[in-house]
2 protein chains.
Amino acid sequence: MPISKTKKKKLTDMKSLEQAAECLRTLAHPHRLRIVQMLLQSEYTVGELAEACSIAPHMASEHLRKMQHCGFLESQKDGQRRYYRVVEPHLSNILACIEQRFG
Amino acid sequence: MPISKTKKKKLTDMKSLEQAAECLRTLAHPHRLRIVQMLLQSEYTVGELAEACSIAPHMASEHLRKMQHCGFLESQKDGQRRYYRVVEPHLSNILACIEQRFG
DNA sequence: TAAGTATATCGCGATATAGCGATATAAGCA
DNA sequence: TGCTTATATCGCTATATCGCGATATACTTA
């Protein structure tokens, strides 16, 4: 069980709902879903993720930027390449739920 | 455990990813999240949900139409009123994941 | 230093979505 | 039959998002 700051609120206030909606919108894209799925297994570079999704590297970079912005991912440089990884601990559960429904 | 048609696929094909993304986009709205949350507890009319979200009834109706379209909800008439309810069995799990992260 | 590779950013046109007033439909009631 | 209430749809504007070519930055290697 991951650490929770408080005693599990109810997610009724608009601010939390807006935040949840924003993160869901970020996740709600076929290529980004695929990227998250891969990153839950291992770290990957921009180019590797781009190739797996059959998209241009600069598009993958953009998707990764968005997901980094909402706290899903972080990255670290290794020479020319940059490795991305999942840092949001709940992402694994959420993806599991989605896979259970759509997989 | 709900019935699954097949042996849990991997959600790697584009078609499934697109479908998952579309449903997530439908869910990714603060008022719709609130509505789903309420409907997981009980059935409600359009007007009740509109009031709970502080939005006009015709806006709630539109949100409900979208969620019905992607298979989350169904409705039944009772005189003038129409009661909506959740019919997608995985929605409960998905909301629980979201609440765990953002609540 | 110059050329090549990996990644990121910019700016644009196309498309999608949001929100809203106006209007429509349908049921209940005087 | 008219009047009211509940819900749904239409048409529009504003805003957001998408995908892409062009360009920029940073690192590597010759």
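Predicted model, so just to flag it, every value in this text is computed and none were measured.

Novice: Please clarify how the sheet that holds strand S3 (residues 81-86) of chain B should be interpreted in this entry.
Specialist: Strand pairing in a sheet is mediated by backbone hydrogen bonds. Such pairs are either parallel or antiparallel. Residue and element names in this part refer to chain B. Reading across from one edge, S1-S3-S2 is the order of the three strands in this open sheet, with antiparallel pairing throughout. Of all strands in the sheet, those with a lone pairing partner are strand S1 (44-45) and strand S2 (73-78), marking the two edges. Pairing analysis gives two bridges linking S1 to S3, with the strands arranged antiparallel. What sits directly across from Tyr-44, in S3, is Tyr-84.

Novice: Hey, could you run me through the protein's contact with DNA strand D in this one?
Specialist: The immediate surroundings of DNA strand D are formed by 20 residues, with Arg-25 and Lys-66 of chain A together with Gly-47, Gln-80 and Tyr-84 of chain B found nearest. Among all atoms of DNA strand D positioned within 4 Å of the protein, those belonging to sugar or phosphate total 68%. Within the side chain of Arg-25 of chain A, one N or O atom sits 2.7 Å away from a phosphate oxygen of DNA strand D. Secondary structure elements with two or more residues in the surface near DNA strand D: helix H4 (57-69) of chain A together with helix H3 (46-53), helix H4 (57-69) and S3 of chain B. Among the elements that take part in the surface near DNA strand D, H4 of chain B stands out by supplying four residues, more than any other.

Novice: Sorry, what's going on with the side chain of His-63 of chain B here?
Specialist: Inspection of the secondary structure puts His-63 of chain B in helix H4. Once residues within four sequence positions are removed from consideration, His-63 of chain B is found in contact with His-29, His-31, Arg-32, Ile-35 and Ile-55 of chain B.

Novice: Looking at this structure, I do not really get the relation of the copies chain B and chain A. What am I missing?
Specialist: One copy of the chain maps onto the second through a rotation about an axis and a displacement along it. Rotating chain B by 180° and moving it 0.0 Å along the rotation axis overlays it on chain A with an RMSD of 0.0 Å. Such a turn and shift between the copies fits a two-fold axis. When C-alpha positions in chain B are compared against the rotation axis, the closest is assigned to Arg-25 of chain B, at 2.8 Å. When you check the interface residues of chain B against chain A, 97% turn up at the interface there too, and the contact is symmetric in its surfaces.

Novice: Help me understand the nonpolar core in this model?
Specialist: Taken as a class, soluble globular proteins show a tendency for nonpolar side chains to be buried jointly. Ranked by internal contacts, the top residues of the largest apolar core, which has 62 residues, are Leu-27, Leu-64 and Ile-98 of chain A together with Leu-27, Leu-64 and Ile-98 of chain B. Ignoring anything within four residues of it in the chain, the contact list for Ile-98 of chain B reads Leu-11, Ala-20 and Leu-24 of chain A together with Leu-27, Leu-33 and Gly-103 of chain B.

Novice: Even after reading the chapter, I still don't get the interface of chain B and chain A, so can you show me in this structure?
Specialist: Often the size quoted for an interface is simply the accessible area lost on bringing the parts together. Across the contact, 34 residues belong to chain B and 33 residues belong to chain A. Between chain B and chain A lies a buried interface of about 3400 Å² when both sides are counted; carbon and sulfur atoms form 71% of it. Area buried by chain B at its contact with chain A is led by Leu-24, Arg-101 and Phe-102 of chain B, which between them contribute 19% of it. Between chain B and chain A we count two salt bridges in total. In this structure, Arg-101 of chain A engages Glu-88 of chain B in a salt bridge whose closest nitrogen and oxygen atoms are separated by 2.7 Å. Across the contact surface, chain B and chain A share two residue pairs in polar contact (both at pLDDT 80 or more). If you list the elements that add at least two residues to the side of chain B that touches chain A, you get helix H1 (14-27), helix H2 (30-39) and helix H5 (91-102) of chain B. Considering each element in turn, the side of chain B that touches chain A owes the most residues, 11 residues, to H1 of chain B. Per-class residue counts for the side of chain B that touches chain A are 16 nonpolar, 10 polar and eight charged.

Novice: Even after reading the chapter, I still don't get the protein's contact with DNA strand C, so can you show me in this structure?
Specialist: Taken together, 20 residues sit near DNA strand C, with Gly-47, Gln-80 and Tyr-84 of chain A together with Arg-25 and Lys-66 of chain B positioned nearest. When atoms of DNA strand C within 4 Å of the protein are split into backbone and base, the sugar-phosphate part holds 65%. Take Ser-61 of chain A: an N or O atom from its side chain is 2.8 Å from a phosphate oxygen of DNA strand C. Between a phosphate oxygen of DNA strand C and a side-chain N or O atom of Arg-25 of chain B, the distance comes to 2.6 Å. Put simply, the parts of the chain that give the surface near DNA strand C at least two residues each are helix H3 (46-53), H4 and strand S3 (81-86) of chain A together with H4 of chain B. Looking at the surface near DNA strand C element by element, the count peaks at four residues for H4 of chain A. Of the residues assigned to the surface near DNA strand C, the class counts are four nonpolar, nine polar and seven charged.

Calculation rules
- Residues numbered from 1 in each chain as written.
- Chains lettered and ligands numbered in written order.
- Predicted model: local features only at pLDDT ≥ 70, side-chain atom pairs only at ≥ 80, totals over all residues.
- Heavy atoms only, no water.
- Pairing = 2+ DSSP bridges.
- Helix = DSSP H or I, 4+ residues; strand = E, 2+ residues; numbered from the N terminus.
- Near = heavy atom within 4 Å.
- Polar contact = N/O pair within 3.5 Å; in protein donor to acceptor, adjacent residues only side chain to side chain.
- Contact = heavy atoms within 4.5 Å.
- Least-squares fit on C-alpha atoms with pLDDT ≥ 70 in both.
- Core = buried A, V, L, I, M, F, W, Y, C linked by side-chain atoms within 4.5 Å.
- Buried < 20%, exposed > 50% of the residue type's maximum accessible area, 1.4 Å probe, protein only.
- Buried area = accessible area lost by both parts, 1.4 Å probe.
- Salt bridge = Lys/Arg side-chain N within 4 Å of Asp/Glu carboxyl O.
- Nonpolar A, V, L, I, M, F, W, Y, C, P; charged D, E, K, R; others polar.

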